[in-house]
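Listed below are the residues making up each chain.
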Amino acid sequence: MRKVITDDRRTLAVEEWGEPTGTPVVYLHGSPMSRLARYPDDSLFRRLGVRLITYDRPGFGCSTPMPGRRVVDAAADVAAIADALGLRRFAVFGVSGGGPHALAFAARYPERVTRLGALASLAPRDAAGLDWTAGMSEGNRRSAAAALTGRQAVAEHLANVGTANMPPLPEIEQTVLARPDISAMLGPAFAEAVRPGLDGWVDDVTALFGTGWGFDPADITVPARLWHGGLDTLVPPAHGQWLAARVPTATLIRQADAGHGGHFDATPAMLAWLVGDADGVPRTPGS
């Protein structure tokens, strides 16, 4: 683990996976997760020549809490990490709650982004024309209701959920998470996320479920690819459709028979696109 200190003296905990001299890709984890969350087979990164960089969002794992943070605030944090690692341009992608944070960086620092990917990403809470909770699971509906009330309501709600285990999920998601390679990765990643307490989770839910992002996805100009499962009830497919219509450079891949956890099986193709030319041929690092 490496610690990066931001301009406001916060600590961001960073991990690297795959090829140290490979093509850099910054990954933004879901919620509640940590820098240990990633595709469960690390050999994928080596096969694709990927230098995968992950980090704990504020309040998760070993990163300093940042109460009141918005989604857009992740952009400066990613830039601080990139500066500390000497990265000029790189690909960025996020999964689920990490998707909006990846979009934030692309919107704020387009000159540093080669390609942008988001899998099963939420749309903004204030997305015009989107019934935000339609088709959403009851647990996430309760989180959304609490987030509209404020941070304290979210803290009380999540305290009742507890941290002994990952939150209860629909059956289609449990089937994916029961796969040995995925469960072996997610268990430690979740435990590390909530090890210091609930601050990171509370602030993620408040920012994602209760407020606007602080930027317009329509401002994104870099090549973008979105993926969404047609059976997702944690983040309903309408969210991906809204983002695809809003981001002018986006291509949406919808997998009709996949739920939220289908993003694991969609990751290899996404990573190959992120580090490759249009025909899938890998580029050299920094190009």
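Everything discussed here concerns the structure shown above.
Residue numbering note: each chain is counted from 1, following its sequence as written. Given that this is a predicted model, residues contribute local features only at a pLDDT of at least 70 and side-chain atom pairs are listed and counted only at 80 or more, while totals for whole chains, interfaces and linings are drawn from all residues. With hydrogens and water set aside, each side-chain value is computed from the structure's full complement of heavy atoms.

Enquirer: Outline helix α2 (residues 74–85), supporting the account with residue identities and numerical values.
Expert: Each turn of an α-helix holds 3.6 residues, which means side chains three or four residues apart point in the same direction. Per the convention used, a helix needs a DSSP run of H or I reaching at least four residues, while a strand needs a run of E reaching at least two, with both numbered from the N terminus. Multiplying one less than the number of residues by 1.5 Å gives the expected span of a helix. An ideal rise of 1.5 Å per residue puts 16 Å on 12 residues; α2 measures up with 17 Å between its terminal C-alpha atoms. Each residue gets one of three labels from its accessible area relative to the maximum for its type: buried under 20%, exposed over 50%, partly exposed in between, using a 1.4 Å probe on protein chains only. Of all 12 residues that make up α2, 9 are buried, and the element is covered over most of its length. Considered for burial, the residues of α2 that qualify are A74, A75, D77, V78, A79, A80, I81, A82 and L85. Whether two residues are in contact is decided by their heavy atoms, any of which lying within 4.5 Å being enough. Buried positions along α2 lie against β1 (2–5), β2 (11–18), β3 (23–28), β4 (50–55), β5 (90–95) and α3 (98–108). Of the residues flanking the end of α2, it is G86, one or two places downstream, whose phi is positive at about 75 degrees.

Enquirer: Account for the sheet that holds β5, naming residues and giving values.
Expert: Strands are treated as partners if at least two bridges between them are detected by DSSP. Strands sit in the order β1-β2-β4-β3-β5-β6-β7-β8 across an open sheet of 8 strands; the sheet is mixed. The outermost strands of the open sheet, each flanked by one partner alone, are β1 and β8 (250–255). Within the sheet, the average angular offset between the axes of one strand and its neighbour, ignoring direction, is 25 degrees. The pairing of strand β6 (residues 113–119) with strand β7 (residues 224–229) spans 4 bridges and is classified as parallel. Across the sheet, the residue bridging to L116 is A224, located in β7. A fitted line through C-alpha atoms serves as each axis, taken over the contacting stretch for helices, and the angle formed by two N-to-C directions is quoted from 0 to 180°. Contacting β1, β2, β3, β4 and β5, α2 runs over the sheet at an angle of about 130 degrees to β4. Across the face of the sheet, helix α9 (residues 237–246) comes into contact with β7 and β8 while running at roughly 160 degrees to β7.

Enquirer: Please set out the side chain of T6 residue by residue, giving values where relevant.
Expert: Topologically, T6 is positioned in the loop between β1 and β2. Looking at T6, the relative accessible area reads 5%, which means it is buried. Polar contacts here mean pairs of N or O atoms no more than 3.5 Å apart (in protein, one a potential hydrogen donor and the other a potential acceptor; neighbouring residues in sequence count only if both atoms are side-chain atoms). Side chain to side chain, T6 and D8 meet in a polar contact 2.3 Å long. In this structure, T6 is in contact with L12 and D77, ignoring residues within four places of it in sequence.

Enquirer: So what's going on with helix α8 (residues 199–210)? Which residues, and what values?
Expert: The terminal C-alpha atoms of α8 lie 16 Å apart, and with 12 residues this matches the ideal 16 Å at 1.5 Å per residue to within 8%. Most of α8 sits out of view: 11 of its 12 residues are buried. All buried positions along α8 are accounted for by G200, W201, V202, D203, D204, V205, T206, A207, L208, F209 and G210. Elements in contact with the buried residues of α8: α3, α4 (138–149), α5 (151–161) and α7 (180–194).

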